[in-house]
Amino acid sequence: MNEFFSWIWGSISYNAERDFYGKIFPKLAERDDVYEFRRMGFSDFDAVTDIEKQVYDFPWGKDVFQDCFKANYLCWVYLQVGQVIAYGILSLGAGECHIMNLCVSPKAQNKGIGKRMLEKLIEEARNKQAETILLEV
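No experiment lies behind these values; they were computed from the predicted model shown.

Rules behind the numbers
- Residues numbered from 1 in each chain as written.
- Predicted model: local features only at pLDDT ≥ 70, side-chain atom pairs only at ≥ 80, totals over all residues.
- Heavy atoms only, no water.
- Salt bridge = Lys/Arg side-chain N within 4 Å of Asp/Glu carboxyl O.
- Buried < 20%, exposed > 50% of the residue type's maximum accessible area, 1.4 Å probe, protein only.
- Helix = DSSP H or I, 4+ residues; strand = E, 2+ residues; numbered from the N terminus.
- Core = buried A, V, L, I, M, F, W, Y, C linked by side-chain atoms within 4.5 Å.
- Contact = heavy atoms within 4.5 Å.
- Arc of directions from axis to C-beta.

Trainee: Lay out the pattern of salt bridges in plain terms, naming residues and giving numbers.
Mentor: Evaluation of the coordinates by the stated rule reveals three salt bridges. Residues Asp44 and Arg38 are paired through a salt bridge, measuring 2.6 Å at the closest nitrogen-oxygen approach. By relative accessible area, Asp44 is classed as buried at 3%. Residue Arg38 is classed as buried on the basis of its relative accessible area, which comes to 19%. Its salt-bridge partner being Glu124, residue Lys120 comes within 3.3 Å of it at the nearest N-O pair. Remark: Glu124 and Lys120 occur in helix 5 (residues 113-127); sequence separation between them is four residues, near one turn of the helix.

Shown next as structure tokens:
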């Protein structure tokens, strides 16, 4: 299955435990199997922008996330019971990877989620044969 169809399937797949029961029974959210990474999609821009506004004094606007997406940056979200709680954006080129943004929702901070997102971004950089990883600050 090519990457596009995998992305489509990942965007529309339904997991009853995560998408239904996890919302009714919040204790499920403490389990590791209700967390998942997936590529960021257009439907995530509002959630990502909301998290950005909660965390940063000078947040990126929705248009910046859209530009990153259009520029084919590697944009990932981390979900808990189907809700975006973290995101990360990578720019790749010439054997270098730039971590452009990495953010965790205030309600999900201090639980190791930032570390998981950073590990995911590093894994993606390695998969794209990046020799150097830089953090944009």
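Trainee: Describe in detail the nonpolar core, supporting the description with residues and values.
Mentor: Counting residues in hydrophobic clusters, the biggest one holds 16 residues, and the most contacted among them are Tyr78, Ile85, Ala86, Leu90, Ile113, Met117 and Leu121. Looking at this core, the elements with two or more residues in it are strand 2 (74-80), strand 3 (83-93), strand 4 (96-104) and helix 5. Here this core takes four residues from helix 5, the largest share from any one element. In this structure, Ala86 is in contact with Ile51, Trp76, Val77, Tyr78, Cys103, Val104, Ile113 and Met117, ignoring residues within four places of it in sequence.

Trainee: Can you explain helix 3 (residues 45-55)? Please cite residues and give values.
Mentor: Taken as a whole, helix 3 has its buried residues at Phe45, Val48, Thr49, Ile51 and Glu52. Down the axis of helix 3, the buried side of the element spans an arc of 160 degrees, and every buried residue falls inside it. Within helix 3, the exposed residues directed more than 90 degrees away from the buried face are Lys53 and Gln54. Against helix 4 (62-70), strand 2, strand 3 and strand 4 lie the buried residues of helix 3.

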